[in-house]
Amino acid sequence: MTTTLKLPPIETGRSVFGKIIHAREVGLIVLIIALVAVTTVIQPSFLFSDGGFRELLRQPTILILIALGQAIVIITRNIDLSVGSILCLCTYLSGWLFANVPGIPIPVVVVIGILLGAFLGLINGLLVAFLKVPSLVITLGTLYAYRGIAILWIGPHFIRSSWLPPEYRKLGTMQVFGIPVLLIIVAIVVLLVGWFMTNRRAGRDLYALGSNPEAATLFGLSERRLTLNAFVTSGALAGLGGLVYLSIYATGDAKVGTGYELESVAAAVVGGVAIIGGSGTIWGVALGAFFLATISSALPVLGVPSLWQQSIVGVFIVGAILLDRLLFLNRTLQAKRKGRAL
Amino acid sequence: MTHTPLLELKGVTKSFGAVAALVDADLALDAGSIHAVIGENGAGKSTLVKIIGGLYRRDNGEFLLEGESVDFQNTHEAKASGISVIYQEPTLFPDLSVAENLFVGRQPYTRFGFLDRARMRRETRELTLRLGVPIDPDREARGLSIADQQVVEIAKSISVGAKVIIMDEPTAALSGIEVERLMGIARQLRDEGKGLIFISHRFDEVFALCDVLTVMRDGSYVATNQTAEVTEDEIIRQMVGRSVENLFPKEVAEVGDAVLEVENLTSIGVFEDVSFTVRSGEIVCFAGLVGAGRSEIARAIFGVDGYDSGSVRIGGAKVARRNPAAAMRLGMGFVPEDRRKQGLAMTAGVQTNITMAIRNRLARFGIITSRLEEPSARNWAARLQVKTNALDTEAQMLSGGNQQKLVLGKWLATEPKFLIVDEPTRGIDVGTKAEVHRLLSELAGNGVALLMISSELPEVLGMADRVLVVREGRITAEFSREAATPENVMYAATHAPEVAA
């Protein structure tokens, strides 16, 4: 006996969900524009000066790269606190190569810098995946261990701009149609990573793992492999961040990158990545990093006492988390209502 | 008539350490049929499912899929061979959309290397419509009802071309209408030629839905029956069929006055209108299936959870709601089911654990020292024969049986008038089991009133002075020690009460 039930057509919730999901990106863009506008009105040289516009677009690039890697790690329910130390080692190694291997081609140095980052990320990943120790503890350890290696190796020395080939130094200031080349490079990286995370199975698996690790294991996804992938990517992006740092500042000592570990977490959270993993977009993270970097360059221009600057960044982080919580509760409520209606 | 079954297990065994979970399991599933596997808790059904699903590997025996011997290393291989398991609590990814949940790991791509979301959406819609349960493919899986989550899981099974679909107690968390819907889907799948294994405790469902019934007991195969040719009584006999006489002799104790009086205890949606008394020297057992609400009632009595109405009295004094400390002051003790998580401080020593509930009494000027703890700890460890060479041995180093004795010791040290023991012998070897039973019996002999929760029928029948059967949050039957038989207790636990005896 088969009775065909006539069921009402279901309306797709895309409009509702689409709005919520995109609200974060739209909101951040609005915030960034407002911040730049207000700052410029108060202090026109912020935007309309020789280097002002370039600085505005160039300065966030490092944080964007690091935050992307951090976000990927957080999406898998982990955290990578060693990114700042990795950046330092990669920056110095790249500078050292230019100084000590005469005539070394720039692409070779770039590849080596990224590989070193990936290798340090691999160590993190192996420790987390095989020792089953929470990544918070492991990467807290490697944060100090990598920094210690940097201090041992670099000591009181620092990279001098004379070490670098002129072409590499030019990369930091080069512009195409007024847009810094570095931003273009980073934008391409963002697009690639974003495409990978939203449109490739390997990227979706990372979301699945963070969303429900037990289900992922039952499903036959390899937690180890995915964890390794995430940490290697994070390390590689920190390595690339180091190269960008080198081209912007043409210097670097054993303290470079200190503080990026938490700034990148902040950028990911402000960008909409849930700290418990499983959700958040790469576009949001890139905008979150851009926003935070812009705040820290705008606040001094606005005359906000430096004592207050960190507090203001903190307010945005807490605000972002509260916003997520409210959106989440609202979403759960709506989902429940819908579930009942069916 | 010889034919090759879709899936066949012969003499499969599986042990975890010294504990044998499956002894000799047989099963033959035909295509186009629904095959029920039933048995008491601990009969080995779940282990069997996990072996078929590739989560565990069997130690011995044959496992044939369409006549070919298979040996799955992981769930992935089982899935690739067309076996799909739907667990009681479905395992979806809450942050991903319904459509993506269906396609995890095999999302289609467009020509340009993007996910083909339109196709996933379309196929998800088609599948859920075919199952008669349209679910919005774009919504997050978070917040879906359990029933809808199961539908998503079933849709996933179909879309990967599963030939064998195993449902592990799928109806436990469903409402009546949802059960009907699920049964409709199961029949539809059967008619499409798939083989279904259906695991359930509920006889009415099993008899209404399944073509073949395999009964398991204590990890081994008992019998396979055609549903049409068998009665419920016959199945119950197969499930419990063993002698329980004198396995756990409770010594006769003098039954005195009522110690615990529970009246009309109700927690909306959890249990309802529960009334009973336990007298000193008496062991009252809660029998019933896992999930019937027995532990929940016990937790409410002790005050770990709240309740909406009703009252609990100890020796005539009213016990405050949601206040375990007050319950303890009145002489109540509670040995929880999960001793690792709720009963012991696993990284603390034996001594600390035993004296944990009486520290305030032992402390002098609010300060507790090892010297103050020791006499009491030594006394109880000796009386319970906790096998450990030192009182500072960490609790996690002890065997399950010794851990259980430790938890008991902790509560006995408080010298309770009334003690709740929830599944006191789960995961304990046979020898220690008898010791735990002897202890409980001795306690009753000393005038303590005991409420024991157990899912093992022999234990219930051996220990209880009175058996109260709990089913779906209500006490549905009461048997005296003399009147209780495996058959009537099992019947009451699996059937809605139809006639008032």
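Position numbers for residues start from 1 in each chain and track the written sequence from start to end. Whichever chain is written first is A, and whichever ligand is written first is 1; the rest continue in order. With pLDDT at 70 or above as the cut-off, local features in this predicted model cover only qualifying residues; side-chain atom pairs require 80 or more to be listed or tallied, and sums for whole chains, interfaces and linings still use all residues.

Quick look at the overall build of chain A
Next, step 1: Helix numbers and strand numbers start at the N terminus; a helix is a DSSP run of H or I with at least 4 residues, a strand a run of E with at least 2. Along chain A, the regular secondary structure elements total 14 helices and two strands.
Next, step 2: At 22 Å, chain A has a C-alpha radius of gyration in line with the 20 Å of a compact globule built from 342 residues.
Next, step 3: Evaluated residue by residue, chain A yields a buried proportion of 44% over its 342 residues.
Next, step 4: The contacts in chain A between residues at least 6 apart in sequence include a share of 78% that link residues at least 24 apart. Only C-alpha atoms enter the radius of gyration; for comparison, a globular chain is expected to reach 2.2 Å times N to the power 0.38, where N is the number of residues. Partly exposed residues are those whose C-beta has more than 12 but fewer than 20 other C-beta atoms within 10 Å; 20 or more makes a residue buried and 12 or fewer makes it exposed, with C-beta atoms placed from the backbone. For every residue pair, C-beta atoms are placed from the backbone, and the pair is scored as a contact if these atoms sit within 7 Å.

A closer look at the overall build of chain B
Next, step 1: Summing up its helical and strand segments, chain B has 18 helices and 20 strands in all.
Next, step 2: Scaling as 2.2 N^0.38, a compact globule of 501 residues should have a C-alpha radius of gyration of about 23 Å, and chain B matches this with 25 Å.
Next, step 3: For the C-alpha atoms alone, the extent of chain B along its principal axes is close to 80 × 55 × 45 Å.
Next, step 4: The buried share of chain B, reckoned over its 501 residues, is 48%.

Regarding the domain arrangement of chain B
Next, step 1: Throughout the structure description, domain borders are defined by an automatic or database domain assignment. In terms of domains, chain B is made up of domain 1 (7–92 + 144–240), domain 2 (248–331 + 416–501) and domain 3 (346–415).
Next, step 2: Just the C-alpha atoms count here: the centres of domain 1 of chain B and domain 3 of chain B sit 44 Å apart.

Details of the sheet that holds strand S20 (residues 474–480) of chain B
To summarise the sheet geometry, strands pair through backbone hydrogen bonds and adopt either a parallel or an antiparallel arrangement.
All names here are of chain B.
Next, step 1: One open sheet accounts for six strands, arranged S16-S17-S18-S13-S19-S20; its pairing is mixed. Two strands bound the open sheet, and with one partner strand each, they are strand S16 (332–335) and S20. Each neighbouring strand pair of the sheet contributes to a mean axis angle of 20°, computed without reference to strand direction.
Next, step 2: DSSP calls a pair of strands paired once it identifies at least 2 bridges connecting them. Bridge count between strand S13 (residues 283–287) and strand S18 (residues 449–453): four bridges; the pairing is parallel. To get an axis, fit a line to the C-alpha atoms, keeping to the stretch in contact for a helix; angles then go from 0 to 180 degrees between the N-to-C directions.

So, the nonpolar core
Next, step 1: In this description, a nonpolar core means buried residues of the types Ala, Val, Leu, Ile, Met, Phe, Trp, Tyr and Cys, linked to one another by C-beta atoms lying within 7 Å. Grouped together as the largest cluster of nonpolar side chains are 241 residues, with contacts concentrated most on Leu68(A), Cys285(B), Leu450(B) and Val489(B).
Next, step 2: If we skip the residues at most four places from it in the chain, Leu68(A) touches Val190(A), Val193(A), Leu237(A), Ile282(A), Val285(A) and Ala286(A).

Side note on the packing of helix H3 (residues 61–75) of chain A against helix H12 (residues 260–270) of chain A
Residues and elements named next belong to chain A.
Next, step 1: Here H3 crosses H12 at 70°, and the two axes come no closer than 8 Å. What the angle tells us is that H3 and H12 run roughly perpendicular. Residues Leu-63, Ile-66, Ala-67, Gln-70, Ala-71 and Ile-74 of H3 lie in contact with H12, whose contacting residues are Tyr-260, Glu-263, Ser-264, Val-265, Ala-267 and Ala-268.
Next, step 2: Of the residues in the contact of H3 with H12, the class split is nine nonpolar, two polar and one charged. The labels follow the angle: roughly parallel below 35 degrees, roughly antiparallel above 145, roughly perpendicular from 65 to 115, and oblique for the rest. Classification used: nonpolar for Ala, Val, Leu, Ile, Met, Phe, Trp, Tyr, Cys and Pro, charged for Asp, Glu, Lys and Arg, polar for all others including Gly.

Remarks on the pairing of strand S17 (residues 418–422) of chain B
Residue and element names in this part refer to chain B.
Next, step 1: The buried fraction of S17 amounts to five of the five residues, a majority that puts the element mostly inside the structure.
Next, step 2: Two strands pair when backbone bridges link them, and S16 and S17 are joined in this way by four bridges, in the parallel orientation. Counted as the bridge partner of Phe-334 is Ile-420 from S17.
Next, step 3: Examined bridge by bridge, S17 and S18 share five bridges and lie parallel to one another. Opposite Leu-419, over in S18, you have Leu-450 as the bridge partner.

Regarding helix H15 (residues 400–412) of chain B
Residue and element names in this part refer to chain B.
Next, step 1: Here, expected helix span is obtained from the residue count minus one, scaled by 1.5 Å. Under the 1.5 Å per step criterion, the end-to-end length of H15 is 18 Å for 13 residues, consistent within 8% with the ideal 18 Å.
Next, step 2: Of all 13 residues that make up H15, 12 are buried, and the element is covered over most of its length.
Next, step 3: Where H15 is concerned, the buried positions are Gly-401, Asn-402, Gln-403, Gln-404, Lys-405, Leu-406, Val-407, Leu-408, Gly-409, Lys-410, Trp-411 and Leu-412.

A look at the sheet that holds strand S12 (residues 271–279) of chain B
Residues and elements named next belong to chain B.
Next, step 1: Ordered by their spatial adjacency, four strands build an open sheet running S12-S11-S14-S15, and the pairing between neighbours is antiparallel. Edge positions in the open sheet fall to S12 and strand S15 (317–318), since each of these has one partner strand only.
Next, step 2: Note that strand S11 (residues 258–267) and S12 share six bridges and pair antiparallel. Paired with Glu-261 across the bridge in S12 is Thr-277.
Next, step 3: With respect to the sheet, helix H9 (residues 294–302) is in contact with S11, S12 and strand S14 (309–314), its orientation differing from that of S11 by roughly 115°.

Brief notes about the confidence of the model for chain A
All names here are of chain A.
Next, step 1: Scored between 0 and 100, pLDDT is the confidence that the predictor attaches to each residue. With 90% of its residues at a pLDDT of at least 70, chain A reaches an overall mean of 88.
Next, step 2: Of all secondary-structure elements in chain A, the lowest mean pLDDT belongs to helix H14 (residues 306–341), at 74, while H3 reaches the highest, 97.
Next, step 3: Confidence drops under pLDDT 50 across residues 1–14; counting only partners more than four residues distant or on other chains, this segment forms 10 contacts.

A few points about the environment of Leu206(A)
All names here are of chain A.
Next, step 1: Considering the arrangement of structural elements, one finds Leu-206 in helix H9 (residues 201–211).
Next, step 2: As a C-alpha pair, Leu-206 and Val-73 span 133 residues in sequence and 8.7 Å in three-dimensional space.
Next, step 3: In contact with Leu-206, other than residues within four places in its own chain, are Ile-72, Ile-75, Thr-76, Leu-226 and Ala-230.

Re H3(A)
Residue and element names in this part refer to chain A.
Next, step 1: Between its first and last C-alpha, H3 extends 21 Å over 15 residues, near the 21 Å set by a 1.5 Å rise per residue.
Next, step 2: Within H3, 15 of the 15 residues are buried, leaving the element largely enclosed by the surrounding structure.
Next, step 3: Looking one or two places after H3, you find Arg-77, whose phi comes out positive at around 70°.

Side note on the packing of helix H4 (residues 83–100) of chain A against H12(A)
Residue and element names in this part refer to chain A.
Next, step 1: Here H4 crosses H12 at 120°, and the two axes come no closer than 6 Å. Judged by the inter-axis angle, H4 sits oblique to H12. Where H4 abuts H12, its residues Val-83, Gly-84 and Leu-87 lie against Tyr-260, Glu-261 and Ser-264.
Next, step 2: For the contact of H4 with H12, the residue count by class is three nonpolar, two polar and one charged.

Some points on the environment of Asp422(B)
Residue and element names in this part refer to chain B.
Next, step 1: Turning to its location among the elements, Asp-422 is positioned in strand S17.
Next, step 2: The class for Asp-422 is buried, based on 23 C-beta atoms found within 10 Å.
Next, step 3: When the C-alpha atoms of Asp-422 and Ala-36 are compared, they prove to be 29 Å apart, with 386 residues separating the residues in sequence.

A closer look at the pairing of strand S7 (residues 164–168) of chain B
Strand residues, when the strand is regular, have side chains that alternate between the two faces of the sheet.
Residue and element names in this part refer to chain B.
Next, step 1: Burial runs high along S7: five of the five residues are buried.
Next, step 2: The side-chain alternation of S7 yields two buried faces, one formed by Val-164, Ile-166 and Asp-168 and the other by Ile-165 and Met-167.
Next, step 3: By the bridge criterion, four bridges tie strand S6 (residues 83–86) to S7 in an arrangement that is parallel. If you follow Ser-84 over to S7, its bridge partner there is Ile-165.
Next, step 4: Regarding the hand of the β-α-β motif, the stretch spanning S7, helix H6 (residues 176–191) and strand S8 (residues 195–199) is right-handed. By the criterion used throughout, a crossover qualifies as right-handed when its path from the first strand across the helix to the second strand runs clockwise, the strands pointing away from the viewer.

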